[in-house]
Each structure stands twice: as C-alpha cells, then as structure tokens.
2 protein chains.
Amino acid sequence: MDLVTIAIVLGLLAVVYGFVTSRQVLGAAAGSERMQEIAAAVQEGAQAYLKRQYTTIAIVGVIVAILVAVFLGPISAVGFAIGAILSGVAGFIGMNISVRANVRTAAAAQTGLQEGLTLAFRAGAITGMLVAGLALLAIAVFYYYLTAIAGYEVGGENRTVVDALIALAFGASLISIFARLGGGIFTKAADVGADLVGKVEAGIPEDDPRNPAVIADNVGDNVGDCAGMAADLFETYVVTVGATMVLTALLLSQVPQLEGLMALPLLIGGACVVTSIIGTYFVRLGAKQSIMGAMYKGFLVTAILSIPAIYFVTQLALGDMNAPIGGMVENVDPGMPLSEEGTSTQVGGFTGMDLFYCSLLGLAITGLIIWITEYYTGTNFRPVKSIAKSSETGHGTNVIQGLAISMEATALPTLVIVAGIIIAYQLAGLIGIAYGATAMLALAGMVVALDAYGPVTDNAGGIAEMADMDASVREKTDALDAVGNTTKAVTKGYAIGSAGLAALVLFAAYTTDLAHFFPKLDVDFSLENPYVIVGLLLGALLPYLFGSMGMTAVGRAAGDVVKDVRDQFAKDPGIMAGTSKPDYARTVDLVTKAAIKEMIIPSLLPVLAPIVVYFVITLIAGQQNGFAALGALLLGVIVGGLFVALSMTAGGGAWDNAKKYIEDGNHGGKGSDAHHAAVTGDTVGDPYKDTAGPAVNPMIKITNIVALLLLAALAAG
Amino acid sequence: MDLVTIAIVLGLLAVVYGFVTSRQVLGAAAGSERMQEIAAAVQEGAQAYLKRQYTTIAIVGVIVAILVAVFLGPISAVGFAIGAILSGVAGFIGMNISVRANVRTAAAAQTGLQEGLTLAFRAGAITGMLVAGLALLAIAVFYYYLTAIAGYEVGGENRTVVDALIALAFGASLISIFARLGGGIFTKAADVGADLVGKVEAGIPEDDPRNPAVIADNVGDNVGDCAGMAADLFETYVVTVGATMVLTALLLSQVPQLEGLMALPLLIGGACVVTSIIGTYFVRLGAKQSIMGAMYKGFLVTAILSIPAIYFVTQLALGDMNAPIGGMVENVDPGMPLSEEGTSTQVGGFTGMDLFYCSLLGLAITGLIIWITEYYTGTNFRPVKSIAKSSETGHGTNVIQGLAISMEATALPTLVIVAGIIIAYQLAGLIGIAYGATAMLALAGMVVALDAYGPVTDNAGGIAEMADMDASVREKTDALDAVGNTTKAVTKGYAIGSAGLAALVLFAAYTTDLAHFFPKLDVDFSLENPYVIVGLLLGALLPYLFGSMGMTAVGRAAGDVVKDVRDQFAKDPGIMAGTSKPDYARTVDLVTKAAIKEMIIPSLLPVLAPIVVYFVITLIAGQQNGFAALGALLLGVIVGGLFVALSMTAGGGAWDNAKKYIEDGNHGGKGSDAHHAAVTGDTVGDPYKDTAGPAVNPMIKITNIVALLLLAALAAG
C-alpha cells in the first residue's frame, strides 16, 4: 500500500473511533426530564449561535475564496475551501457531542466519580479524535489527489502542490480565528455577565436557574471552549503538518527520499492516532482517586507507545535510518547548523535517525509543557496557593499576585521552546524543528481529548445545579471541573508552544519562497537593517492590540448582559421569587449578536496587517525593505505573541483554580472576604484565558500564511 | 571658546539655576509647627532610606568598579565611578528638594492654586535642571578631560575614549536600576500596604495620621517617584548622549567634521538647558485655571525655542549646514539607507541640515508622546472614562477594562517610534536615529520638572490631611496631584520611547564593536539564523521575568506592612482612638529593609543574562552564534520591554485617574460601589506604573551596555 494511503486509513480509523464512541456516549442514560429540558435549552442556544456564526464567516469565506481563486488559481481555492469547511465541521461536531454529553455526565455522576469521568472523557476523546482525524484526512486526501490522481509533481518548478497546501492552511486558520474569537467573546461575555449580575448583584449562586444568563453561560462553554477550541486545534494541526511538508518540498526537492519525506509527517500523525486511541482506554482512576492522575496515565501511555510507532513509520518511509538525507544533494541548503569545528551532527546533512530524535523531542516538549502548566495552574503548587493567600488582603493584592504569576509563567515554557529549537536545529536544521512541531501536533487527539472534557463537566455541574440534583453530584462535577481548568490551560500552552516552532518553519518557508519568486532581490533580514526592527516592533504590537480588542469586546458584551438581566428582573419580580421562568433565549440571542459583531474587526487585524506593512514600507524604502519588514513582522508576532498568550492562558487558569482552592475551605472558604477577592481574580482571568489569550495562536499563524500568499500573489501579478 | 567648553558652561548654568531656585523655594513659608513636624518625619524617613539604599548599592558598585578596572583599565573605572556617583547625587538632591518643598506647597496652597502650583513646579524644575545639568556635565567634563587634557584621540585605533564613555553610562545605569527598583518597591509597598490596612480594613481615609504606615507612604513618594525617577532620567540622558558620541566615534572617525560632531550632542543638550529654563517661567495658570494647560505652555515654549537654538549650535559645530558629512569619506559605512532609485537623501551621505531635521524629529516625538500619554491617562478622555464606567459593574470589570486600555496604550507610541526610526534613518542613517534620541533627551530638564512636581503635590496633600488643614487646601493639592498622575506617566513613556531609539544606537555600537574586535568572525544577525530567534525570545522574556519579580516583591513587602500595622493597632488601641501616636519610624524601617532586600536579585537579572546567554550559546554552537544570540537578546529586550513598560505605565496612570474621576463625583462618587472597584484598579496599577513598568527602561539599557563591556573584556582577555 502507498505511504499516503496508509496515513489516510489511519485517519479514517480516528473517524471510526469517533462514530463508535459517540454511539456509546449517546446510548448512556440522559437523566430526568428536568435535566433533559435544561440540556435541550443549552443545545438549542449553541446550535443557534454556531449557525449564525458560520453564516457570517461563510460570507467572509466566500469573498476570500474568490480572491484566492483570482490570485492563486482554482486548485488553491479548493484547498482553501477544504480547510475552511473542515475547520468548521470539527467545531460543529465537537459542540454537538458536548451538548449531549453534558447531561449524561451529570446523570452518570449520580452513580460515581469514575462513571462521570468516563463519560465526560469519552466525549472529549470523540472531539479529540475527530479533530486529529479530520485534520490528517484533509491534508492526506488533498495531497493524494494532487500527486497521485491529478499528477502534479512535488520536486519540480511547478508550485501547485505547495500553493495548494498553503491555501488549505489559510482556510483552516481564517475560520479558526473567527471561531476562537467569536466563541471566546460569547463564552466570557455570558460568564462574566452572569456572574456580575447574579453572584455580585443579586446574591444568587452560580448556575442558579433564576438567572436569565445562566443558559447563555452554559451555551458559551460549548461554543467557546469546545467548538472554538476544536477549530483552533484543527488549524494548528493542518498548519504545522502542512508547513513541514511545504518546507520539505521547498528545501529537499532533490533528495532521493523526497516521496517518503513528504509522506512521513502524515504517517507520524497516523501512527499517533492509533496510540492516542489506545491511550484513551487508560484514563481510569487509581487507588488515590486522582483525576489528574487518570489523565496523566492516558497521556503517558500514548506518549510512550508513540516512540516505537514513530520509529516504525520513519523507517517505513525512509528505509535505512542511517542514510544521509540533506547532504546527498548539491546546491541544496537544508538549513544546516553552522558547524565550525565538527559538531555532533553530520556536516551538511542529517539522517532518518536524526528526524526520529527530533520527533521524540516534540513528544518531550509536549510532556514538559503539560507538566509546567499543571505546576502553574494546579491547586497543589506554589503559584495558585500564592494567589489564594494574597486574596486574604483583598481584591487588589489578588490581582497583583495573579498578574505576577501570569508573567512568571512565561519563563519555563520559553526555555523549553528555546531548548527545543536549539536541539532540533543541531540535529537536523530547520527540518528538524519542523519535525519537532509535527510530533507535538501528532498527539493532538489525546491533548484535545483532555481539553474537550472540561466544558462537558462544567456544563454537567450547571445542569446538576439547575435541576436541583443531590449536592453530591455537584461535588463530583466540581472535582472533575477543577482538573478541567488545568487541562484547558494545557491545550493552550501546547498550541502556542507548537506555534513557536511552527512560526520558525513558516518563516523559513517565507524566506525560501522569497528567494524563489524574487531571485534578483537582495533582501537584508539582518537585525542591523532598521526596517527589520520596524517589522519586529509592529509584529510585537499586533498581539497587544488584538488582546486589547478581545478584552474590551468581552467587557462591552458582558455589560449588555448585565443590562438585559437587570431589565428582566425589573419587569418580572416573579423570576427572583421563583414563580416565573426567565427568558433564557433572549439573553442567548443578545450575546450571540454581540459576539458576532465584536469578532469581525480583531479577526481582520492579522489578515490586513502584513499587507499594509508590506505596501507602506515598500512605498517608503523600496521593495526589498518591504519584504524585510514583512519577514520581521512575522517573527515579531511570535516573539510578542508567545508571551502574551502564555501569560494570559496560565494566569487565567491560576486565578480560576485559586478561587476553587478557597472554595475547598482554605483561607476562610466560600463567602469569606478572600473568596470575594478570588472571584474578582477569576473574573479578570476569564477573558484572559478564554478569549484574548488562546486567539493569539491562530492570529500568529494567519499572519504568517497571509505573508506566504502575498508573496505568491505578487509573483503571479 | 572651545565647543565642549561651551557645553560645560551651559551645563553649569543649569546647576546655577538649581541653586538660585532652591533658595527661593526654601525661603517660602514652611507652615505651622504641626505641618513642619510631619514634614520632618517624612524627611527623616527618606534620608534614612536613601542612606541605607546607597550603602547597599555602594557595596555592589565597588565590586563592579574593581571588575571594570581589572578588565577595562583604570580610566574606564573612573568613568564608571563618575556615572555611578552622579546618578546617586541626582537622586539625592531631588529627594532633598522634594521633602522640603512638600510642606511649603501645602502652605502656599492656603493662599491659592497658582501659589501652590508655582512652588511645587519650581521644586520639580530644580530636580529637572539638576538632572539634565549634572548629566551633561558628567559627559562633557569627562570627555574634555580625556581629549583636551589627557590627550586621547577619538578617531584613531585607541579605544580609550569610547570605552570610558561606555563605562560612564554603565555606572549611571547600574545605580539607576537599583534606585528605580528599590525606590519603586518602597513606595508601592508602603502605598498598597497603607491602603489595604487603612482604607480597606480599618475604614479610615487615606493619609489619616492614625495609620502607622502613613509616613512611610509619604516617604515613598520621595524615594521612589522623585529620587528613583531622577536617577533613571540621569541614566537615560547619559546613555543616550553617550551612545550618540560613541556611535559617531565608531562610524564617522574619518570625516573632517569629527570634532564638531563629537561636541554637537553636548551642545544640543546645553542649548536645551537654556530653553528649558526659559520655559519654566511660562508655567502659569491661564484664564481657564487649567493646570495641565499651564504645563503645556511651559513645555511648548521650551520646544519651540529649542528649534532655533538647535539650529544655531548645529551650525556652530559643523559650519556649512549643507556640506555632506557621511559621504565624504571612503570605506566608511555611516549606516545609510539602501536607496535603490535616488531617494530624497544624498546617496551615501548626509548634511548638517539632515541632522538638524533629525533633532526636530526628536522634539516632535517628545511632544507626541506627551499628547498620547495625556489622552490615555487624563480624566477628560475615553480611556480613563471607560475604566471609570466599567467600575460600576464591579472590581472585575474595572480590572479587565484597565488591562485592555493598558494594552491598547502601546499602539500609538509604537507607531510614533516606528515612524521616527524610519524618517530619521531616511534622513541620516543610524546617526540620524541617534540625533533623534539625543534631542528627545535634551528636553529632559523640562520633562523631569513636570514629573518631579508630582510627588511634591502628593506629599503636600498628605501633609494637609495629617495636619488637619482646611478642606480647601486638600482640594487644591488634589487638583494638582491629578495632573501629577499624567505627568508622571508622561516621563515614563518618554523615557521608554527614547530607550526604543537609544537601543538601536547601542545595538549599532555592538555590531560595529564586534566587527572591530573580532574582524575574522562572520556573525550572522539574520532572522534566518535560529540562534537569532533564540536570542530574541530570551531577550523578550527578561522584561516579563523582571516585571513579575517586581510585582511579587511589592505584594510581599505590602503584606509585611499590613501585618506591622495590624500589630500596632492590636497592641495599642489608643492609636485608633486618637489618644496615642503610632510608631511611624518602625513601619518606615520595615519597608526600608524589605525594599532593599527585594531589589537585589531582579537588578542583577539584566546584568547576568547577557553574560550567561553568550557563554551558553557559544558552548553549544560556537562563538559566532554566541555573539549572534547576544545581539538578538539586546533587541529582544527592547521589543519585549517596550510593550511591557508602555502598557504598565499608561495603564497604571489610567487606573489612578479613573479613581480620581469617580472621586470627583462621577458614577456615584466617593464611597460608592464604583469607587470601591476603582480603588482596586488603582491598587493593581500601583506596582504596574511605579515599580515594574518604569524599571524596564534602565533594564533595557543595562543589558545593552553589559554586552558592549563584555565585548571589550573578551577582546582584551
């Protein structure tokens, strides 16, 4: 069987797993009538939101697809469409599983913690496997069609395959930034608004059915944390694996192993689908009843099994693991380390074994980022405890300590990424870095499973509260949800970490493309060129501006929620008395409109910024400086964005769990002054960790991809 | 008269102004006995703190001086000592004026707003002129000694003058980072601690004499906002003007106008001393009684008069304004723009007129930054109003909106700096950027005057409260203080903005030095070199880590204050009853110890990071990559630090004034829920704007200077 066909079969396996497991989940008991009624309201709201969101995105998408078709040709437009549609599908399926699993998890938690965990985790695993499987299939099938059926060559002068893969990534990125941001604004506007008007003003508990915003809050978990996240990770997967293949096509077009090298990233993804599926069956509580421990077990099994699996597919694709790859060919610069006095690498080349080591490095980086994220957001360690303690002296010190922790939390991941860059580059140059990133993303099935489990348990808790279920159920869902805060932070740290590596790969693709399209232009990317500094500064500005817009949008939309709820309370005193039902749909509708209105402008920022910067600098200082500034912009976005995203996502998780830690009876427990301060910190952390922070990841990628497309369009025009 | 001698005379003029005006200020009425008693306590505390701080710094300073002497020779060690000592002197004098002017301002405010303004502003002007004058004298006299007396040449192979100027800047930077951070931790630990335990816990107003931390709070204004700020701006001046001279010596050593070019930065500084002195006399209230308007008048007069003054000294130094400078000489790369098809600049060179235009650009950037800062921190504009409005819905939304504004506030200054870089570079290459930065700093006398006025009025308000003066006095000092929040933010934006330009100059000095010391090494500063990316990422991490340490230090020290005050209240119930006096000195002493302990480790971070990064990367990937990573680190610090510093300083100012805006009767006024939320925002903003944010500026410079010294030491060793 052909190598790419194997990858396609493995991708289909993930889809099969998804279907089989969803039958199991949907077959579980759905609880009482009251529970199902609440779940139906959440489901209806989520579907209504996604429908409207995708309608809006579709308009933008069709316009962009036409532009792609005009500037880059019909095949690229098809690639764009596939990426865009499947990114949307990934989010849509994730949401649909999640809104059905929530009520079943609440019902299962009546039986026991293990039962609740199994159901919620399976729901997450379905989303995870479908994200990884669809992403793998999108690239593999499209690549198979282009090369095996349409007969385009990879190594030659024809750029069809490369351009089509970039367009595919662009489609995925464009949809995912809208989905991440729109969903992020929805979920946090509803959450913050519901908390402000419910907990703070009316003095009713979280998830109280008298609060008209309570259904919107639960809808938000599904459209933001689940659908938005799934679209984002789909994008990250497609861009990373796609970029690795593009860079291979650009740099190694003349090596004899080219065919195997093009298929290898797909095979690594396929192999890890199998290990991820096996891993899901190991997520079981041990004797200590540690939920995080159960998650770790699943992840560790996947990671360890992936080692032989990746070795096997690497050998399958390349044959002799010790045969040189990069160094066999003349006139090809595989981006080799500048080895002055014979380093440990083969001078001028690398072997299959080196690529295998780089893949292991990717697995190790993933593991380290999970571990660091747990340290910064888990309730057992210094950071969260220090925020909880600082809550004793008030709102101000809680926020100060939270901000300090959020900034500190950038250090270790940065050092891990830096070490990863250095080691991978020493082993196999830029291609090595690309393989590190690919192996990270190969684990996406498992990592997304850990994440998508979070909103299910969060919703289950809400349903338990609203349906007046036994307090012990809420206790169990709360325990499951606390771990969810950490796993949600893990995925974001993982996505942004892989973006750090992928951005280097995309930048390498940019410089290689530039040399290909404009061979006569001597572009100076040196830090000594002030236009490079200008590009770095403007690039680093983007995440700040983008983050600010996201935070403001949440504040504004949350304010609308507060007004709507106040209005409902004022017009019908029966709501607070519990004699009449609030109009949940009205609030959902309001947040829907607000979120969609607010997501447009920030999403266009990373699309337009590269184009504007290129043309303005070209006008002022000539085309070669325009390209230099644009290239620097791409790296400025990652240098600035890495820290903004890491600090926001870790800080938000830490604030949330500091509140949970106090609610567990520390520092005075629920209702104490420390608890009030911790609620403030949690509110601040909400848009940090679920709106602005995670949206930086697709923002970085989209900036890079737009630059690549701009190059191709300029060359064609 | 020799050009440098003229600059020295003008520098002395600033000192004379300082002495004459301080006699006027000290001659003003010092108020009632009670007022003088309080002022004496503040004065005593401030002197005790500075004494201990300088003793600690002296130990570090002597060790470093010995290292400088060993590695770079005795002349550099003398330069280091001059920079270090005068930086300390600038802070010391500023503090001494401030602690005497506070009580006199309170007394003058009894007569009228204009009287209070005049006294407080004069006190600020003394500090401003002494900072600018001493900084100018430090460089000019040292340079005069080296060239005219000791007879060292500038243009030749001998590096004595260049190394000595760098060592001078290092001395200033090292002291200023300790002073900025130590003072910043002191002032905010006392402020936050006093607020938490007084306003929040005990329910007594700000500046209530029953609060044992109240004197420490007032001491903090003087040692942080005044002494720390003065040391910081002294450093900024010395580094910027020094770097311009160093770059001139390195790049233009063979042009005929070298002597005039070396003196010109000093002459620009001298000319602006005169215009700044004139400007101070125009700070008077107009018909509208607008305090900010009075400040603007003074600044505008200075800026406008500076245009002909700078033209005059440029002509004096260079003679024919249209004679080419850079282009006259072969084999010299003055860092010219890559002009493909004849741009507006002389190909390969620039004229005196171009340098004059670059200086005007520096004046314009300063004006724009002041205007942008007022927009983001003034109570009349959207940003502060939006924070105030968001306070209505609680602590959480106040902080969210404040963070959003703080991030947004980075955009316009960044665009101004980027435009400045591009225009200056188009006019006269890297030297043009250096002149832009020099002209910015030439206005330091006036800008520091605007800033140093702030802590005086802040203290005056505290004294008015504690001495039970008429409520109308407090009203006037509050009006003066609100403007102080904006002018304090202005100086920080200005300092970090100039650092953005100066860092490019320092980086150019680094690359030129590198080529000089290691001519055989082919260092690749291109963004395509992964070690450059590694350097950028590690550099951008530094401000995050540094900021986190500063914020945590404030939180920790403030916690100690809270405990101490609680203890005093518990042991002596007479304090709250007003029958016995609290032990103010005990609290001052406690904060002193805490601040000094906390300042050491973060201050060493930027000193050690460049050294560690160079050696580690050299070990892994060879010396040329070590130098590449180190160079990239220098730019990473500015790319990361610019945004951290701008967002923190503007955000903090906006939070503070949002609180003041509510206290003026908006959104419910004092005591309302919105006010409580605004107090939380103000508390969060405190370490942002007065500890972590402003200390980023000397941090950036010190990283750059250590790299230059490392180069010299490696070359010598």
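Residues numbered from 1 in each chain as written. Chains lettered and ligands numbered in written order. Predicted model: local features only at pLDDT ≥ 70, side-chain atom pairs only at ≥ 80, totals over all residues. Heavy atoms only, no water.

**A closer look at the overall build of chain A**
- On a plain count of helices and strands, chain A comes out with 19 helices and zero strands.
- For 717 residues, the compact-globule estimate of 2.2 N^0.38 gives 27 Å, and the C-alpha radius of gyration of chain A, at 25 Å, lies within 12% of that figure.
- In terms of its C-alpha atoms, chain A occupies a principal-axis envelope of roughly 80 × 55 × 45 Å.
- Within chain A, the fraction of its 717 residues that count as buried is 71%.
- Nonlocal contacts in chain A, meaning residues at least 24 apart in sequence, comprise 84% of its contacts between residues at least 6 apart.
- For chain A, the exposed surface amounts to about 21,100 Å²; the carbon and sulfur share of it is 62%.
- Taking the 36 positively charged and 55 negatively charged side chains of chain A as two groups, their mean positions are separated by 8 Å. (Helix = DSSP H or I, 4+ residues; strand = E, 2+ residues; numbered from the N terminus. Rg over C-alpha atoms; globule rule 2.2 N^0.38 Å. Buried < 20%, exposed > 50% of the residue type's maximum accessible area, 1.4 Å probe, protein only. Contact = heavy atoms within 4.5 Å. Areas by Shrake-Rupley, 256 points an atom, 1.4 Å probe, with all protein chains shown as cover. Lys, Arg positive; Asp, Glu negative; His and termini not counted. Charge placed at Lys NZ, Arg CZ, Asp CG, Glu CD.)

**Side note on the relation of the copies chain A and chain B**
- Between chain A and chain B, the superposition needs a rotation of 180° and an axial shift of 0.0 Å, giving an RMSD of 0.0 Å. Each copy turns onto its partner about a two-fold axis. The position closest to the rotation axis in chain A is occupied by the C-alpha of S526 of chain A, lying 2.0 Å away.
- Most of the interface of chain A is mirrored in chain B, where 100% of its interface residues are also at the interface. (Least-squares fit on C-alpha atoms with pLDDT ≥ 70 in both.)

**Let's talk about the nonpolar core**
- Counting residues in hydrophobic clusters, the biggest one holds 583 residues, and the most contacted among them are Y510 of chain A together with Y510 of chain B.
- In contact with Y510 of chain A, not counting residues within four places along its chain, are F525, F627, L630, G631, L634, A707, L708 and L711 of chain A. (Core = buried A, V, L, I, M, F, W, Y, C linked by side-chain atoms within 4.5 Å.)

**Concerning unusual backbone geometry**
All names here are of chain A.
- One non-glycine residue, Q289, lies in positive phi territory at about 60°.
- Mapped onto the fold, Q289 is located in the loop between helix 7 (258–280) and helix 8 (291–318).
- Positive phi, close to 55°, is recorded for D468, a residue that is not glycine.
- As for its position among the elements, D468 is in the loop between helix 13 (444–466) and helix 14 (471–517).

**Some thoughts on the packing of aromatic side chains**
- Here the structure, examined in full by the defined rule, presents 32 aromatic pairs over all chains.
- Seen in terms of ring centroids, Y614 of chain A and F627 of chain A are 4.9 Å apart; in terms of plane orientation they differ by 35°. Their pairing is tilted. Remark: F627 of chain A occurs in helix 18 (residues 623–663) and Y614 of chain A occurs in helix 17 (residues 584–621); sequence separation between them is 13 residues. F627 of chain A matches Y614 of chain A in its accessibility class, with the two residues each being buried.
- A centroid spacing of 6.4 Å and a plane angle of 85° characterise the contact between Y17 of chain B and Y281 of chain B, whose relative ring orientation is edge-to-face. Taken together, the positions of Y17 of chain B in helix 1 (residues 3–27) and Y281 of chain B in the loop between helix 7 (258–280) and helix 8 (291–318) put the pair 264 residues apart, joining distant regions of the chain.
- Of the aromatic side chains, those joined through ring pairs into one cluster are F518, Y614, F615 and F627 of chain A. (Phe/Tyr/Trp six-rings, centres within 6.5 Å; stacked < 30°, edge-to-face > 60°.)

**Points about the UniProt feature "site: Determinant of potassium independence" (unreviewed entry) in chain A**
Residue and element names in this part refer to chain A.
- Summarizing the sequence annotation, UniProt attributes the feature "site: Determinant of potassium independence" (unreviewed entry) to K488 in the numbering used throughout.
- Of note, K488 is situated in helix 14.
- With residues near it in sequence (within four places) discarded, K488 still touches D225, D451 and D690.
- Of note is the side chain of K488, whose polar atom sits 3.1 Å from the side chain of D225. (UniProt positions renumbered as here; feature names shortened; annotations may be inferred. Polar contact = N/O pair within 3.5 Å; in protein donor to acceptor, adjacent residues only side chain to side chain.)

**A word on the interface of chain A and chain B**
- In this assembly, 70 residues from chain A lie in contact with 70 residues from chain B.
- Summed over both sides, the interface of chain A with chain B buries roughly 6,500 Å², with 79% coming from carbon and sulfur.
- Of all residues in chain A, M407, L527 and Y544 of chain A bury the most surface against chain B, accounting for 11% of the area lost on that side.
- For the interface between chain A and chain B, the tally reads zero salt bridges.
- Where chain A meets chain B, there are nine residue pairs in polar contact (both at pLDDT 80 or more).
- Top contributing element to the side of chain A that touches chain B by residue count: helix 15 (residues 530–571) of chain A, with 19 residues.
- Tallied by class, residues from the side of chain A that touches chain B come to 46 nonpolar, 20 polar and four charged. (Buried area = accessible area lost by both parts, 1.4 Å probe. Salt bridge = Lys/Arg side-chain N within 4 Å of Asp/Glu carboxyl O. Nonpolar A, V, L, I, M, F, W, Y, C, P; charged D, E, K, R; others polar.)

**Description of the pattern of salt bridges**
- Inspection of every chain in the model, using the stated rule, returns 54 salt bridges over all chains.
- One salt bridge in this structure joins D163 of chain A and R159 of chain A, with 3.2 Å as the shortest N-O distance.

**Some words on the side chain of T302 of chain A**
- Inspection of the secondary structure puts T302 of chain A in helix 8.
- With residues up to four places along the chain from it excluded, the contact list for T302 of chain A reads T275, S276, G279, L443 and M446 of chain A.

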